[in-house]
Amino acid sequence: MEQHGGHQHGHQHGHDHQHGHQHGDGFDWDAMTDRLVLDAAITEPIVHSIIPEIEGPVEHVLDVGCGPGETAITLAIAFPDAEVTAIDSSEALLQRAAHHAERHSVSDRLTTLPGNLDEPLPSTGPMDLIWASMVLHHVADPITTLRRLRDRLRRDGTLVMIEFGDLPRVLPADDPLMTAGTWQRFQLATSTTLTERLGLDPVLVDWPALLAEAGFDHITDGNRVAHHAAPLAPTALAWLEAHVRRGIDMAGDLLSQTDALALAEFANAVRQRNDLTVEASRRVLTARPA
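From a predicted model like this one, the values you see are computed outputs, not experimental measurements.

Overview of the side chain of S90
Step number 1: Summarising the element assignment, S90 is placed in the loop between β2 (83–88) and α3 (91–103).
Step number 2: Accessibility expressed as a relative area gives 3% for S90, which makes it buried.
Step number 3: In this structure the side chain of S90 is engaged in a polar contact, spanning 3.0 Å, whose partner is the backbone nitrogen of L93.

Written out as structure tokens, the structure reads:
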């Protein structure tokens, strides 16, 4: 992969990504699983753009924070000779991943293990590829976690990190939500709330510096975009409707009543519109043990 220099981002990021390990026993796991499955479907083109760039033979893959297993299954299919280990701290999500593996006939090559990235990793052999998508911004001590991941890689193995990218684009420029500034205020409100919840702005984390300090080199860093053109397929429409509804709940009092009502009306009408697009951005970093 080509090595890039410094990578800059804006301060706003209209995401409300959450992980199973952040919730208590009363959490609605069905809703969480559906949400993560939709997110995976929207960003799947980014995953497929990364896979051909992985160098060397891939026989052992570790997906940390695997959620319901969508990407772990994609990796198992893409690398048909590989053993895939999927780790998550949520037993409910691991069960979903195992069921998903059975449906895609890769259960003989996919192992699920409970694990929390704030703790030592479960015992596995050395890995050719470690995949960490939308999870490392949650860890308490990134350097320690990254060192643990480095130590689990073979000397010529690859770490792939996927983190927050730029704001999603969905509306035509002349849409009333755009011309009135409602959509921009919506994205700012959700971004502000996310930063408060995490205690940091995940877009501005200097991941290359952290990777270097943790003992990685050959670091690449760049944004990639999954493009979904109009008219949107049903899955993309479902993602967009859920994205807006989650964002309204997430922003709370940061949205005016007028903006919240306009956004709710938009969510109600999403599935009847044929002029919407989705450009979902993610920041992709790769690195190898130094």
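So, helix α8 (residues 234–251)
Step number 1: The end-to-end C-alpha separation of α8 is 26 Å, in line with the 26 Å expected for 18 residues at 1.5 Å each.
Step number 2: Looking one or two residues beyond α8, the residue adopting positive phi is G252, at roughly 55°.

Looking at the pairing of strand β5 (residues 153–164)
Regular strands place their side chains on alternate faces of the sheet.
Step number 1: The buried count for β5 comes to 9 of 12 residues, which makes it a mostly enclosed element.
Step number 2: Where strand β4 (residues 127–133) and β5 come together, 6 bridges link them in parallel fashion. Within the sheet, the bridge partner assigned to A132 lies in β5 and is M161.
Step number 3: Handedness of the β-α-β unit built from β4, helix α4 (residues 142–152) and β5 comes out right-handed.

Quick look at the sheet that holds strand β7 (residues 278–289)
Through backbone hydrogen bonds, the strands of a sheet pair up, either in parallel or in antiparallel fashion.
Step number 1: One open sheet accounts for 7 strands, arranged β3-β2-β1-β4-β5-β7-β6; its pairing is mixed. Only two strands of the sheet have a single neighbouring strand rather than two, namely β3 (110–114) and β6 (216–228). Adjacent strand axes in the sheet meet at a mean angle of 20°, parallel and antiparallel pairs treated alike.
Step number 2: Bridging between β6 and β7 involves 11 bridges; their strand directions are antiparallel. In the sheet register, V225 faces β7, and the bridge partner there is S281.
Step number 3: Contacts from α3 reach β2 and β3 within the one sheet, and its direction differs from that of β3 by about 175°.

Quick word on the pattern of salt bridges
Step number 1: Inspection of the entire model under this criterion finds 12 salt bridges.
Step number 2: D175 is paired through a salt bridge with R273; the nearest N and O atoms lie 2.7 Å apart. Taken together, the residues span a long stretch of sequence, with D175 in the loop between β5 and α5 (176–179) and R273 in the loop between α9 (257–269) and β7 at a distance of 98 residues.
Step number 3: Overall, the relative accessible area of 5% leaves D175 in the buried class.
Step number 4: In the salt-bridge network here, residues are joined through shared partners; they are D175, R273 and D275.

Describing the packing of aromatic side chains
Step number 1: All told, the structure shown has 2 aromatic pairs when counted by the stated rule.
Step number 2: The interplanar angle of 45° and the centroid separation of 5.0 Å between the aromatic rings of W183 and F186 together place this pair among those described as tilted. You can see W183 and its partner F186 sitting in helix α6 (residues 182–198), 3 residues apart, about one turn around the helix. Comparing W183 with F186 shows no difference in burial state: the two are buried.
Step number 3: Between W183 and F266 the ring centres are 6.1 Å apart and the planes differ by 80°, which places this aromatic pair in the edge-to-face class. One end of the pair, W183, is in helix α6; the other, F266, is in helix α9, with 83 residues separating them in the sequence. One exposure class covers both W183 and F266, and it is buried.
Step number 4: One aromatic cluster is present, formed by W183, F186 and F266 through successive ring pairs.

Rules used throughout
- Position numbers for residues start from 1 in each chain and track the written sequence from start to end.
- Restriction of local features to residues with pLDDT of at least 70 applies here, the model being predicted, together with a cutoff of 80 or more for giving and counting side-chain atom pairs; totals for whole chains, interfaces and linings are based on all residues.
- To get the side-chain values, take all heavy atoms of the structure and skip hydrogens and water.
- Runs of H or I in DSSP of at least four residues are treated as helices and runs of E of at least two as strands, each being numbered from the N terminus.
- Accessible area is worked out with a 1.4 Å probe on protein chains only. A residue is then buried under 20% of its type maximum, exposed over 50%, and partly exposed in between.
- Counted as a polar contact is a pair of N or O atoms within 3.5 Å, where, for protein atoms, one must be capable of donating a hydrogen and the other of accepting one, and residues adjacent in sequence contribute only when both atoms are in side chains.
- Each residue after the first adds 1.5 Å to the expected span of a helix.
- Strands are treated as partners if at least two bridges between them are detected by DSSP.
- For crossovers, right-handed means that the path from the first strand over the helix to the second runs clockwise, given strands pointing away from the viewer.
- Whenever a helix is involved, its axis is fitted only over the stretch in contact; in every case the axis is a line through C-alpha atoms, and angles between N-to-C directions fall within 0 to 180 degrees.
- Two residues form a contact once any of their heavy atoms are found within 4.5 Å.
- Basic side-chain nitrogens of Lys or Arg form a salt bridge, by our definition, when they fall within 4 Å of a carboxyl oxygen of Asp or Glu.
- Centre distance within 6.5 Å is the pairing criterion for rings of Phe, Tyr and Trp, where only the six-membered ring of Trp is used; planes under 30 degrees apart are then read as stacked, over 60 as edge-to-face, and the remainder as tilted.

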